[in-house]
Amino acid sequence: MKRRIGILTSGGDCPGLNATIRGVAKACYERFDNDVEIIGIQDGYQGLIDNQCKLMNPSDFSGILTTGGTIFGTKRTPFKLMKVVGDDNVDKVKSMKKTYKDQKLDCLLTLGGNGTHKTANLLSEEGLNVIGLPKTIDNDIWGTSVTFGFHTAVDIATDVIDRLHTTANSHGRILVVEIMGNKAGWLTLYAGMAGGADMIVIPEIPYDIEKLSAACEKRASAGKGFSILAVAEGAFDTEEAKMKKKERAKYRAEAGITTASNRIAKQIEANTGLETRVCVPGHMLRGGSPSAYDRILATQFGVHAAELIAQNKYGYAVAKIGDRISENKLEDVAGKTKFVPEDDQMVKTARDIGISFGD
Ligand code: F6P
């Protein structure tokens, strides 16, 4: 009996999805020889709901190590709506289970972030054989020291900061660069460090705008004509930190606050009189070819998933723990977020070289 392995990519894409898919496929063909069939599921969980599946050929996985995006397509299918029957009258969980059965799958591999892992756990609880693989530029999946996609995004964001340095220097300006990361500040922290940002602003450390302004003024009065602030998309100030999420959203809408970077830039310019500009690289951080680091990590993760399949070990999420590729129970990963701890060594290192977090 051939093993039939379904693979889907869900949520926001990132570099390294194809490298991971390739790693899984090559390791499975190598290990199980002709006794395996890989089924590509289109557009994440939506494809599982709609039975959009395709039997893949081994050649489909050639030449994709270096390509960005995902050969299967991806979609955001929010976990909170998974159990809600919408206007289309589709019971999503029932449909996903039906596709799994109709496609005669022995297991399902889900490549994605926190939301993807929550649904993976739900399907595992429903009796399907599921393995999660940790993808996200945000690096915020619990239980793994690193996710694939993160280091490529760090490289891209670092390049952005490098380029901003030269133009900021020429014009003697404050440059605020907004880096993706709505909940967790890992990407901003790492790119800020690698790019030599003067200030790093992350959601885990609420900022005081007066302190950020003072740090810019201090640099200006020391003869440093420019400053670079690396600001996470989800950053908020000390006042907003006292509010609940919904309250904060309402407050922002009423105050006409658009983005964290625009707001910080306007306030710094008003406080200091220093000319300020904003740069938002946005989805560029998720595009293009994965870095060498991510190609290797993705391949290791893919190979480990094949190992778990060989052991019939399901209900797990692949992870890097210490310097080893391992796994955690899906139920332990689902519903948690890995935030930057305030006492993280990287935060301390940044502080030790005079980087301000605005706190
Ligand atoms: O989770 C990855 C991420 O890139 C976040 O950093 C960002 O907040 C979000 O996705 C953007 O999502 P979308 O691609 O749906 O705009």
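Right above here is the structure, for reference.
Cut-offs and rules
Residues numbered from 1 in each chain as written. Predicted model: local features only at pLDDT ≥ 70, side-chain atom pairs only at ≥ 80, totals over all residues. Heavy atoms only, no water. Pairing = 2+ DSSP bridges. Helix = DSSP H or I, 4+ residues; strand = E, 2+ residues; numbered from the N terminus. Axes fitted to C-alpha atoms, helices over the stretch in contact; angles between N-to-C directions. Near = heavy atom within 4 Å. Polar contact = N/O pair within 3.5 Å; in protein donor to acceptor, adjacent residues only side chain to side chain. Areas by Shrake-Rupley, 256 points an atom, 1.4 Å probe, with all protein chains shown as cover. 1 Å grid on protein atoms, 1.4 Å probe; cavity = no way out; pocket = protein on both sides within 12 Å on 5 of 7 lines; lining within 4 Å. Sits in = over half its atoms within 2 Å of the grid points. Domains from an automatic or database assignment. Patch = residues over 30% accessible without salt bridge, like charges linked within 9 Å, V, L, I, M, F, W, Y side chains within 5 Å. Salt bridge = Lys/Arg side-chain N within 4 Å of Asp/Glu carboxyl O. Lys, Arg positive; Asp, Glu negative; His and termini not counted. Charge placed at Lys NZ, Arg CZ, Asp CG, Glu CD. Parallel < 35°, antiparallel > 145°, perpendicular 65-115°, else oblique. Left-handed = near helix turned anticlockwise from the far one by under 90°. Contact = heavy atoms within 4.5 Å. Nonpolar A, V, L, I, M, F, W, Y, C, P; charged D, E, K, R; others polar. Buried < 20%, exposed > 50% of the residue type's maximum accessible area, 1.4 Å probe, protein only.

Undergrad: So, the sheet that holds strand β10 (residues 316-321): which residues are in play, and what are the values?
TA: Sheet architecture is open: seven strands sit in the order β3-β2-β1-β4-β5-β10-β11, paired in mixed fashion. The sheet is open, and its two edges are formed by β3 (53-55) and β11 (324-329), each paired on a single side. The average undirected angle you get between the axes of adjacent strands in this sheet is 30°. The pairing of strand β1 (residues 3-9) with strand β2 (residues 36-41) spans five bridges and is classified as parallel. Considered in β2, the bridge of I7 is made with G40.

Undergrad: Which residues make up the site of the ligand, and what values do they have?
TA: Around the ligand, a shell composed of R76, I137, D138, M180, G181, N182, E233, H283 and R286 is seen. One nitrogen or oxygen atom from the main chain of G181 is found 3.2 Å from an oxygen atom belonging to the ligand. Taking H283, its side chain carries an N or O atom lying 2.9 Å from an oxygen atom of the ligand. Computed on the free molecule, the ligand has an accessible area of 400 Å², of which 72% lies beneath the protein chains in the complex. If you map the ligand onto the pockets, it falls in the largest pocket. Domain assignment of the residues forming the shell around the ligand places at least three in each of domain 1 (3-148 + 290-333) and domain 2 (153-286).

Undergrad: Kindly report on a negative patch on the surface, identifying the contributing residues and their values.
TA: On the surface, a cluster of negative charge is contributed by D43, D50, D87 and D88. Tracing the backbone through its elements, the reader meets D43 in the loop between β2 and α2 (45-50).

Undergrad: Please set out the packing of helix α7 (residues 209-221) against helix α9 (residues 260-272) residue by residue, giving values where relevant.
TA: How two helices pack is summed up by the angle between their axes together with the distance between the axes. Close contact between α7 and α9 brings their axes to 9 Å; oriented N to C, the two are set at 60°. With respect to α9, the axis of α7 lies oblique. Where α7 crosses over α9, the handedness of that crossing is right-handed. Residues I209, E210, L212, S213, C216 and E217 of α7 touch α9, and the partners they reach there are I264, Q267, I268, N271 and T272. Of the residues in the contact of α7 with α9, the class split is five nonpolar, four polar and two charged.

Undergrad: Describe in detail the side chain of T158, supporting the description with residues and values.
TA: Examined against the element boundaries, T158 turns out to sit in helix α5 (residues 150-171). Here the side chain of T158 touches V154 through a polar contact of 2.6 Å, landing on its backbone oxygen. Other than its neighbours up to four places away in sequence, T158 contacts A191, A194 and G195.

Undergrad: Break down the pattern of salt bridges for me, with residues and values.
TA: Evaluated as defined, the whole model comprises 17 salt bridges. Where E37 meets R4, a salt bridge forms, and the shortest distance between an N and an O atom there is 2.7 Å. Linking E37 in strand β2 with R4 in strand β1, this pair joins segments that are 33 residues apart in sequence. Of the two residues, E37 and R4, neither departs from the other in class, the shared state being buried. In the salt-bridge network here, residues are joined through shared partners; they are D237, E240, R252 and R263.

Undergrad: Could you give an account of unusual backbone geometry, naming the residues involved and the relevant values?
TA: For residues besides glycine, phi is generally negative; the peptide bonds are generally trans as well. One non-glycine residue with positive phi stands out, namely D43, at about 55°. Positive phi, close to 55°, is recorded for N139, a residue that is not glycine. Within the fold, N139 resides in the loop between β5 (130-134) and α5.

Undergrad: How would you summarise a positive patch on the surface if you had to cite specific residues and measurements?
TA: Taken together, the side chains of K80, K183, K245 and K246 define a basic patch exposed on the protein surface. In this fold, K183 is placed in the loop between β6 (174-179) and α6 (186-195).

Undergrad: Break down the sheet that holds strand β7 (residues 199-201) for me, citing the residues and quoting the values.
TA: A sheet is described by the order of its strands in space; here four strands give the open sequence β7-β8-β6-β9, paired in parallel fashion. Each end of this open sheet is capped by a strand with a single partner; those strands are β7 and β9 (276-279). Taking the axes of each pair of neighbouring strands and ignoring which way they run, one obtains an average angle of 20° across the sheet. Bridging between β6 and β9 involves four bridges; their strand directions are parallel. Bridge assignment links L175 to a residue of β9, and that residue is R277.

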